[in-house]
Amino acid sequence: MVQHTDKDGSIANVMLALQAGHLTQAVALSDALIQALRAKGSSDLDLADAYHLRGMARRELGQLDAALEDMRRACEWDRANAMLWLHIGQVEQRMGTLAAAAQSLRRATQLKPALEEAWFALGVVLQAQQAWSEARAAFVQLLVLPKVSVQIQSIAHNHLGIALRHLEQLEASVTHFKRALELDPTMVEARLNLAQSYALLHRLPQAQAEIQRCVIQHPEVADVHVAWSEALAETDAPAALAALRRAVALQPAYRLRFARRIHRLERQLCDWSDFEASVAATLQAAHTQDEELGDLFITLSIPGFGRDLQRQRADKWALVLQREARGSVASTPLNVTSMATSIATPAQRDTRLRLGYLSADLHTHPTAWLMAEVFELHDRARVDVVAYSLGPDDATPMRQRLEKAFETFRDLRGMTLAEVDARIRADQLDILVDLKGYTQDARPEILALRPAPIQVSYLGYPATLGGDFMDYIIADEIVLPEAHQVDYSEKAVYLPQSYQCNDRQRAVADRPTRKAAGLPEQGV
């Protein structure tokens, strides 16, 4: 690390203490060294090394604020030191300041393009920000470097596969997970990731085979049994429950983390043997920081899980979304050149109301069957309607009909959160209507960034999203009784009779004959 003079060996002594793990001693030696260097009027570069070393010792002691202060001080004198920028980025990553970490790590790669640690750390930080395209580029750059160790190559291929999966390049992700396993056949994470990509490709037998291999090779790893439970949940509920219970036996903290999953499977199997304890664990989990927040549905039917607690959980999840979304967007670089031709300027806005719809279901899907005619019936003289599609293009007649129903149809697949946010903001919406909420394939983190001045929840998720990023929910008095408004963060807007729309243009199936329906020719 040290590149400068060390005539009396003082810097070497600090490094030896660091390498031996004598961190408190390393800090004390650094303190004395800094004082001695100042007294002698030593060069700035020697002082930079001393502050850098003290920062490293403080980092390992968990004194992150002090470590960062020392390293930044060192950087004032030695701005061309790639290792120093690497260590600054690593400290910032541990502190959770991902935007600053990404900037520091990029600086390290610019100063020393062959520094594999910097490319790896940058890729990990960009993944944490959900900047998948940039993360992919970082890991690709790492893998083309000469003399990268087999261990680092295997881990990098695994991370590259994760980025590609999030970019919906599933076959490519499979290739890299397989390569990671060729390099390290014992890597549990890569095998579980391979199984997940297979599942997304609807190659379920292959997905189950990979997880089963993990269960055989690593029966002591709790997460393997969690993955096995997920793989079996739709086809073999008893085995799924048994696998989850095995995970809890290996990792007792998982009893709370997966309490709702366990409770759901028990109820599905009519297993009432531990019902009261299961309900109690689920209620307890709702008050912990370790619970699995993603599943908000099962709690709706748990005895004792009142509307107030459901609201608390929604608010809690909304805060997590907002924090992660803001951290992700803060340092994700946008490809301004590629977007420039499609982003509207203020001069291009007309005077009509600009209304956007956000959904992953703009293809052959029940939401599309309900909403298609609504999209078509907007008065185009008064309303400019924009679609933001998160889901697949299934090339069906319904997809073709929907694309024609909107004045602008934007396919957001493969775009980072920052790119989606910039895209919607550039469209200068007046109102954004979300049709997904917290249901499958939703991206509520987009809404958490508030890309539109008015945001409305409708149809797909008639419960509250919590937080403060949704203004209204469209409902009726059955779905949302007036007395329940206090349990919603959104203000309710009521439609008469029923909030659910339907497509009048959908063809009704031909009536079957009585004989075809298995009925006698005569009778009621």
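Residues numbered from 1 in each chain as written. Predicted model: local features only at pLDDT ≥ 70, side-chain atom pairs only at ≥ 80, totals over all residues. Heavy atoms only, no water.

**Student:** Describe the overall build of the chain, and please don't skip the residues or the numbers.
**Tutor:** If you tally the helices and strands in the chain, you get 23 helices and seven strands. Viewed in the frame of its principal axes, the chain has a C-alpha envelope of about 110 × 65 × 45 Å. Going through the 524 residues of the chain one by one, you find that 48% of them count as buried. Sequence separation of at least 24 residues holds for 57% of the intrachain contacts in the chain that already meet a minimum separation of 6. Roughly 25,700 Å² of accessible area belongs to the chain as shown, and the carbon and sulfur atoms make up 53% of that amount. Here the chain contributes 56 positive and 66 negative side-chain charges, whose respective centroids are spaced 2 Å apart. (Helix = DSSP H or I, 4+ residues; strand = E, 2+ residues; numbered from the N terminus. Buried < 20%, exposed > 50% of the residue type's maximum accessible area, 1.4 Å probe, protein only. Contact = heavy atoms within 4.5 Å. Areas by Shrake-Rupley, 256 points an atom, 1.4 Å probe, with all protein chains shown as cover. Lys, Arg positive; Asp, Glu negative; His and termini not counted. Charge placed at Lys NZ, Arg CZ, Asp CG, Glu CD.)

**Student:** Report on the sheet that holds strand β7 (residues 491-494), specifying residues and quantitative values.
**Tutor:** Read across the sheet, seven strands follow the order β3-β2-β1-β4-β5-β6-β7 without closing on themselves; strand pairing throughout is parallel. Two strands lie at the open edges of the sheet, namely β3 (408-411) and β7, each paired on one side alone. Across the sheet, the mean angle separating the axes of adjacent strands is 25 degrees when strand polarity is ignored. Note: strand β4 (residues 431-434) against strand β5 (residues 454-457), four bridges, orientation parallel. From the neighbouring strand, Asp434 faces β5, where its bridge partner is Ser457. (Pairing = 2+ DSSP bridges. Axes fitted to C-alpha atoms, helices over the stretch in contact; angles between N-to-C directions.)

**Student:** How would you sum up the pattern of salt bridges? Please name residues and give values.
**Tutor:** Two side chains that carry opposite charge are able to pair once their charged atoms sit near each other. Under the definition given, this model contains 31 salt bridges. The residue Arg72 makes a salt bridge to Glu92 at a minimum N-O spacing of 3.2 Å. Within this pair, whereas Arg72 is found in helix α4 (residues 64-77), its partner Glu92 is found in helix α5 (residues 82-95), the two being separated by 20 residues in sequence. Judged by its relative accessible area of 45%, Arg72 falls in the partly exposed class. Residue Glu92 is classed as buried on the basis of its relative accessible area of 3%. A salt bridge links Arg401 to Glu376; the nearest nitrogen and oxygen atoms lie 2.7 Å apart. Residue Arg401 is found in helix α21 (residues 397-405), and its partner Glu376 is found in helix α20 (residues 366-377); the two are separated by 25 residues along the sequence. Taken together, the shared-partner salt bridges connect Asp350, Arg352, Arg354, Asp384 and Glu407 into one network. (Salt bridge = Lys/Arg side-chain N within 4 Å of Asp/Glu carboxyl O.)

**Student:** Give a detailed account of the pairing of strand β2 (residues 383-389), specifying residues and quantitative values.
**Tutor:** Along any regular strand the residues' side chains alternate between the sheet's two faces. Judged by how many residues are buried, β2 sits mostly within the fold: seven of seven residues are covered. Burial along β2 is two-sided: the residues Val383, Val385, Ala387 and Ser389 and Asp384, Val386 and Tyr388 are all buried. Two elements, strand β1 (residues 353-359) and β2, share seven bridges in a ladder whose sense is parallel. Residue pairing across strands places Leu355 opposite Val385, the latter belonging to β2. Taken together, β1, α20 and β2 form a β-α-β motif whose crossover is right-handed. Bridge count for β2 against β3 is four bridges, and the pairing is parallel. In the sheet register, Val386 faces β3, and the bridge partner there is Thr408. Note that the unit made of β2, α21 and β3 has a crossover that is right-handed. (Right-handed = clockwise from strand over helix to strand, strands pointing away.)

**Student:** Please give an account of α4 that cites residues and values.
**Tutor:** With 14 residues, α4 extends 21 Å between its outermost C-alpha atoms, agreeing within 8% with the 20 Å of an ideal straight helix rising 1.5 Å per residue. Listed in full, the buried residues belonging to α4 are Leu64, Ala67, Leu68, Asp70, Met71, Ala74 and Cys75. Looking straight down α4, one finds that the buried residues subtend no more than 160 degrees of arc, so they occupy a single side. Residues of α4 that are exposed and point more than 90 degrees away from the buried face comprise Asp65, Glu69 and Glu76. (Expected span 1.5 Å × (residues − 1). Arc of directions from axis to C-beta.)

**Student:** Break down the layout of surface pockets for me, with residues and values.
**Tutor:** A probe matching the size of a water molecule, rolled over the atoms, marks out where space remains unfilled. The volume enclosed by the second largest pocket comes to roughly 330 Å³. What lines the second largest pocket is a set of 19 residues, among which Leu300, Arg307, Gln310, Ala463 and Tyr488 lie closest to the centre. (1 Å grid on protein atoms, 1.4 Å probe; cavity = no way out; pocket = protein on both sides within 12 Å on 5 of 7 lines; lining within 4 Å. Points joined across faces, edges and corners; volume = space filled by probe spheres on them.)

**Student:** Outline the packing of helix α10 (residues 170-183) against helix α11 (residues 188-200), supporting the account with residue identities and numerical values.
**Tutor:** The N-to-C vectors of α10 and α11 enclose an angle of 155 degrees; their axes lie 9 Å apart at closest approach. The orientation of α10 relative to α11 falls into the category roughly antiparallel. Considering only the axes of α10 and α11, their crossing is left-handed. Seen from α10, the contacting residues are Leu170, Ser173, Val174, Phe177, Lys178, Ala180 and Leu181; seen from α11, they are Ala190, Arg191, Asn193, Leu194, Ser197, Tyr198 and Leu200. Of the residues that constitute the contact of α10 with α11, the class distribution is nine nonpolar, three polar and two charged. (Parallel < 35°, antiparallel > 145°, perpendicular 65-115°, else oblique. Left-handed = near helix turned anticlockwise from the far one by under 90°. Nonpolar A, V, L, I, M, F, W, Y, C, P; charged D, E, K, R; others polar.)

**Student:** I'd love a proper account of the environment of Leu68, names of residues and values included.
**Tutor:** As for its placement among the helices and strands, Leu68 is situated in helix α4. The exposure class of Leu68 is buried, given its relative accessible area of 7%. Residues Leu68 and Met56, twelve residues apart in the sequence, show an inter-C-alpha distance of 9.0 Å. Setting aside residues no more than four positions away along its own chain, Leu68 makes contact with Ile88, Val91, Glu92 and Met95.

**Student:** Describe a nonpolar patch on the surface, listing the residues and the values that go with them.
**Tutor:** A contiguous nonpolar surface patch, about 210 Å² in accessible area, is contributed by Ile454, Tyr472 and Val493. Positionally, Ile454 belongs in strand β5. For Ile454, a relative accessible area of 32% corresponds to the partly exposed category. (Patch = residues over 30% accessible without salt bridge, like charges linked within 9 Å, V, L, I, M, F, W, Y side chains within 5 Å.)

**Student:** Give a description of unusual backbone geometry that names residues and reports values.
**Tutor:** Peptide bonds are trans in most cases, and residues, glycine excluded, mostly fall at negative phi. At Lys147, a position not held by glycine, the phi torsion is positive, near 60 degrees. In this structure, Lys147 sits in the loop between α8 (132-143) and α9 (150-166). Residue Lys147 is classed as exposed on the basis of its relative accessible area, which comes to 84%. Look at Asp441: it is not a glycine, yet its phi comes out positive at around 70 degrees.

**Student:** I'd like to hear about the packing of aromatic side chains, residue by residue, with values.
**Tutor:** Aromatic rings in a pair are described by how distant their centres are and how their planes are angled relative to each other. On inspection of all chains with the given rule, the structure shows eleven aromatic pairs. With centroids separated by 5.5 Å and ring planes inclined at 50 degrees, the aromatic side chains of Tyr51 and Trp77 adopt a geometry described as tilted. Placement of the pair is Tyr51 in helix α3 (residues 44-60) and Trp77 in helix α4, with a sequence separation of 26 residues. When its relative accessible area of 22% is taken as the criterion, Trp77 is described as partly exposed. Clustering of aromatic rings is evident, with ring pairs tying together Tyr357, Phe375, Phe406 and Phe409. (Phe/Tyr/Trp six-rings, centres within 6.5 Å; stacked < 30°, edge-to-face > 60°.)

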